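# Residue-level structural notes
Here's the letter readout for the chains.
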Amino acid sequence: MDKALMSGNEALARGAWEAGVEVATAYPGTPSTEILQNVALYDDIYSEWAANEKVALDTAIGSAYAGRRTMAVMKHVGLNVASEALFYASYTGVNAGLVIITADDPGMHSSQNEQDNRNYARFAKAPMLEPSDSQEAKEFVALALALSEEHDTPVLIRTTTRTSHAKSVITLEDRETKEKRPYIKNPPKFVMIPAYARRRHPVIEERTAKLRQWAETCAINTIEWGDKKIGIISAGAAFQYAREIFPNASILKLGMAWPMPEQKIRDFAAQVDRLLIIEELEPFIEEHVRQMGIAVEGKSIFPAIGELTPERVRAAAVEAGVLAKNGNGHTPDVGALPIRPPVLCAGCGHRDVFWTLRRLKVTVNSDIGCYALGVLPPLESSDTIGAMGASIGVAMGMRHAGLEKENVAVIGDSTFFHSGLSALATAVYNNTPIVVIVVDNRTTGMTGHQGNPGSGETLRGEHGHRIDIAAVARALGVKHVYELEARELKEMQNTIKEAQKSGEPAVIVARTICVFETSHNREPYIVHNDDCNGCTLCFRIGCPAIFKSDELDEKTQRPKAWIDPVQCVGCGLCYDVCARQAIEPGKEIPVMAA
Amino acid sequence: MTNKKANFLLAGVGGQGTLLASDIVAEVGLRQGLEAKKSEVHCMSQRGGAVTSHVRWGEKVASPLCEKGTVDFFVAQEMLEAMRWLEYLRPGGTVILSQQELPPTGTVFGSAVYPDKERIFTTIGQIAGKLLALDAVGVAESLGNRRTANSVLLGALSAELAEDEQPWLEVIMEKVPARHKEVNRKAFLAGREGAWELGD
Ligand SMILES: Cc1ncc(C[n+]2csc(CCOP(=O)(O)OP(=O)(O)O)c2C)c(N)n1
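Keep in mind that this is a model prediction, so the values were computed, not measured.

## Brief notes about the overall build of chain B
- Counting its regular elements, chain B contains eight helices and six strands.
- Counting from the amino terminus, chain B carries its helices and strands in the arrangement β-α-β-β-β-α-β-α-α-β-α-α-α-α.
- In summary, chain B has a C-alpha radius of gyration of 16 Å against a globular reference of 16 Å for 200 residues, a match within 12%.
- Across its three principal axes, chain B shows a C-alpha extent of roughly 50 × 40 × 35 Å.
- Looking at the 200 residues of chain B, the share that counts as buried comes to 62%.
- Residue pairs in contact within chain B that sit at least 24 positions apart in sequence constitute 65% of those at least 6 positions apart.

Structure, rendered in structure tokens:
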């Protein structure tokens with residue numbers, strides 16, 4: 001049998017293909033993005049990016065109703081957006097199998113919170129599986145689809161950043177194609193008007209009871225017996241750390257996060273002296289076990305905040321006296337080190353926008369995307385960032401409440417289509433005087449440059465229909481719509497001022513460049529040492545291509561600027577901000593005719 | 001195969017190719033019949049941020065992350081990053097260091113200070129059993145492509161592991177673009193041979 005080293009995300013895609021999935025939908029979001037990108041490599045599966053997670057899940061539900069095995073994928077906060085769909089799908093059930101993947105992000109490597117989506121399984125009354133490595137990730141997709149069909153329910157799979165992005169070995173198998181199940185009209189099942197929904201609720205409760213029964217004997221809730229002084233219940237990535245740090249302990253590994261096998265847990269607990277729960281984030285298993293009347297320790301020992309790591313598990317266990325200290329506990333004294341946070345790329349067009357907003361000293365209600373990096377020094381020009389699409393609503397609220405300063409909303413193109421549209425409609429409807437700047441770099445940059453309705457490029461690489469953002473704003477009734485190049489700093493500054501004076505909703509589509517997608521067609525810029533006096537103005541745009549040179553200015557004794565020709569892509573912002581004309585533009589690179 | 005079990009840490013800066021290099025190390029482990037796991041973080045860290053990747057070889061590997069203080073081979077692609085992740089090194093472990101300095105933007109617009117070379121070498125020396133400080137970028141540049149610096153480092157690593165070059169070259173050839181195969185092969189061999197001379 002063939003084996004391959006795959007990330008959890010690649011394995012989930014492989015699992016979808018092997019299990020006969022025919023339709024897959026998603027909206028990108030770390031750490032889930034590569035799942036659909038890998039699904040798209042299989043021609044047998046129709047796959048697409050939706051404009052947001054709710055649309056992705058509605059679409060997936062429709063496909064499952066119509067009789068095809070289907071997968072929907074999103075990051076943890078994406079399931080908040082899609083939760084409406086999850087709840088009704090739990091009531092209606094499916095027809096062909098439906099698996100929903102939620103990729104959680106303990107430690108917030110690239111998210112705004114670390115919510116624990118196991119809670120959604122209990123909340124929505126849908127079963128959830130939780131793989132702990134790539135092989136399980138692959139196998140659990142097939143299992144989830146079979147469960148979905150057998151129990152007429154959507155099935156959730158929860159991964160975390162660690163299981164999604166870590167690579168381990170998987171065994172490759174062939175694809176098993178499934179006959180399309182016929183769709184048969186059945187309003188009492190598929191139409192959730194109150195009269196029918198009331199009839200569905202008991203069906204759902206019965207389903208959970210049956211699934212709990214299944215969980216008792218299923219092959220993915222397993223016990224590895226060892227020393228019985230300590231018994232550990234664990235799941236997901238945390239299981240691997242538990243195994244690593246407690247090589248001899250007995251471990252009950254729950255491959256199914258919800259519902260839990262109560263009898264199995266009781267039997268296990270009865271046989272060990274001390275029962276510990278090692279789980280990432282919330283005390284989800286722990287509270288359930290305690291509710292069953294079993295003495296258990298979990299979050300009193302192991303942290304509930306942040307991602308677990310082998311050393312965090314060990315340190316917590318040592319601190320609690322569960323483990324003896326080992327020899328690893330040395331720390332070299334490296335002293336204070338400069339941090340290295342992510343920064344806007346050299347040449348990124350978002351820098352033009354935030355440089356301008358900083359100069360205008362307005363309050364900035366920003367949003368989620370690469371442009372969120374505008375909050376960091378030296379640009380430091382964002383006041384609020386919450387969740388995707390929040391910028392416009394928060395900006396409106398600040399206006400209603402009589403904010404002392406002018407404010408603007410900043411939103412990316414992908415985010416605009418994700419959840420900016422209905423907020424903008426609200427602004428027009430109530431004639432709320434807000435200025436919305438759409439930073440349009442024609443790509444979903446933050447998550448690795450996926451297409452979106454504004455770029456027109458589809459997941460399968462086709463050029464679909466590109467939706468014109470300015471036209472959308474006009475169609476929604478915005479009277480003041482401006483389109484400009486963010487690189488033209490003066491024009492952008494004047495336009496923002498003009499829009500603010502209008503006293504009505506205004507939209508500025510600021511076209512910016514994503515240097516991953518297109519280029520400025522210029523050679524690197526050069527600093528003329530004779531003219532530079534080390535004034536530091538160009539340092540303050542935060543460009544990663546600009547460094548302090550070794551040469552000091554005689555008068556000021558400050559280091560002069562130096563532009564790294566390898567990193568500079570020739571955007572010219574430093575040239576625009578330099579007050580001494582010490583920077584020379586790179587030559588234009590002629591664009592080759594296609 | 002002399003090392004049935006090994007923990008590796010690769011650390012660099014977004015854009016330096018840390019992830020590809022660690023993919024190669026993991027794959028080499030697999031080719032030798034070992035279990036291999038690898039873990040990294042994508043996304044935010046790639047926009048010029050700090051990037052690390054853990055690789056573990058063994059008969060059986062549970063955690064995809066190395067525990068602090070257990071890394072046998074630490075490949076640092078940048079001087080400051082070598083300091084940042086040094087606590088992962090096992091006392092007596094080996095550090096393969098590219099002497100490249102990439103000052104983060106905070107040292108340019110702010111008051112943060114890049115640690116000096118002397119301090120970096122002494123600190124590493126206090127804990128490492130062996131430090132190989134290579135001018136990996138210089139070697140790569142002399143071969144005509146500075147982006148092959150990672151192959152130089154991997155060459156040095158393979159020599160430190162006292163291993164056959166074959167599986168390494170095989171995997172590198174599979175993973176790099178066709179037009180860069182030859183220069184990467186040269187870079188790997190340069191790192192492999194040079195490693196001994198540059199020793200501690
Ligand atoms: C509900 C939700 N879904 C997905 C994400 C992941 N995510 C973060 S930013 C972003 C899109 C950014 O694209 P865009 O608005 O075009 O801005 P850019 O990054 O290109 O500047 C996505 C999908 C998220 N944070 N929240």
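## A short note on the confidence of the model for chain B
Residues and elements named next belong to chain B.
- The share of residues in chain B with pLDDT of 70 or more is 92%, and the mean pLDDT across the chain is 92.
- Confidence, read as mean pLDDT per element, is least for helix α8 (residues 181–197) in chain B (87) and greatest for strand β4 (residues 71–76) (98).
- Two summary scores accompany this predicted model of the complex, namely pTM at 0.97 and ipTM at 0.94.

## Focus: the domain arrangement of chain A
Residue and element names in this part refer to chain A.
- According to the domain assignment, chain A contains domain 1 (3–217), domain 2 (221–319), domain 3 (350–511) and domain 4 (526–584).
- Contacts between the two partners involve 20 residues from domain 1 and, on the opposite side, 15 residues from domain 3.
- Between domain 1 and domain 3, a total of about 1,300 Å² is buried, with carbon and sulfur atoms accounting for 57% of that surface.
- It is Y27, W49 and Q112 in domain 1 that bury the most area against domain 3; as a group they hold 37% of the surface buried on that side.

## Quick word on the site of the ligand
Residues and elements named next belong to chain A.
- Near the ligand, the surroundings consist of 26 residues, among which E53, H350, D413, T415 and G445 are the closest.
- One of the side-chain nitrogen or oxygen atoms of N441 is found 3.0 Å away from an oxygen atom of the ligand.
- M446 is positioned such that a nitrogen or oxygen atom in its backbone is 2.9 Å from an oxygen atom of the ligand.
- Within the residue set of the shell around the ligand, elements represented by two or more residues are α4 (76–92) and α16 (413–429).
- Across the shell around the ligand, the residue classes break down as nine nonpolar, 14 polar and three charged.
- Lining the shell around the ligand are residues from two domains, each supplying at least three of them: domain 1 (3–217) and domain 3 (350–511).

## As for the environment of S83 of chain A
All names here are of chain A.
- Within the secondary structure, S83 sits in helix α4.
- Relative accessible area serves as the criterion here: at 15%, S83 is assigned to the buried category.
- The spacing of S83 and K54 is 29 residues in sequence and 7.3 Å in space, taken between C-alpha atoms.

## Points about helix α6 (residues 149–160) of chain B
Residues and elements named next belong to chain B.
- Between its first and last C-alpha, α6 extends 17 Å over 12 residues, near the 16 Å set by a 1.5 Å rise per residue.
- Among all positions of α6, only A149, N150, S151, V152, L153, L154, G155, A156, L157, S158, A159 and E160 are buried.
- One or two positions beyond α6, positive phi appears at A162, with a value near 50°.

## Quick notes on the pattern of salt bridges
- Under the criterion given, the structure shown has 53 salt bridges over all chains.
- D58 of chain A is the partner of K54 of chain A in a salt bridge, and the nearest nitrogen-oxygen pair spans 2.6 Å. Linking K54 of chain A with D58 of chain A, this pair stays in helix α3 (residues 53–65), spanning four residues, or about one helical turn.
- The exposure class of K54 of chain A is partly exposed, given its relative accessible area of 28%.
- The partly exposed category is assigned to D58 of chain A, whose relative accessible area is 25%.
- Between K68 of chain B and E87 of chain B there is a salt bridge, with its nearest N and O atoms 3.7 Å apart. Remark: E87 of chain B occurs in the loop between α2 (79–84) and β5 (89–98) and K68 of chain B occurs in the loop between β3 (50–58) and β4; sequence separation between them is 19 residues.
- A relative accessible area of 30% places K68 of chain B in the partly exposed class.
- Connected via shared salt-bridge partners are D104, D116, R118, E130, R158 and E279 of chain A.

The rules behind the values
- Residues numbered from 1 in each chain as written.
- Chains lettered and ligands numbered in written order.
- Predicted model: local features only at pLDDT ≥ 70, side-chain atom pairs only at ≥ 80, totals over all residues.
- Heavy atoms only, no water.
- Helix = DSSP H or I, 4+ residues; strand = E, 2+ residues; numbered from the N terminus.
- Rg over C-alpha atoms; globule rule 2.2 N^0.38 Å.
- Buried < 20%, exposed > 50% of the residue type's maximum accessible area, 1.4 Å probe, protein only.
- Contact = heavy atoms within 4.5 Å.
- pLDDT = per-residue confidence, 0-100.
- Domains from an automatic or database assignment.
- Buried area = accessible area lost by both parts, 1.4 Å probe.
- Near = heavy atom within 4 Å.
- Polar contact = N/O pair within 3.5 Å; in protein donor to acceptor, adjacent residues only side chain to side chain.
- Nonpolar A, V, L, I, M, F, W, Y, C, P; charged D, E, K, R; others polar.
- Expected span 1.5 Å × (residues − 1).
- Salt bridge = Lys/Arg side-chain N within 4 Å of Asp/Glu carboxyl O.

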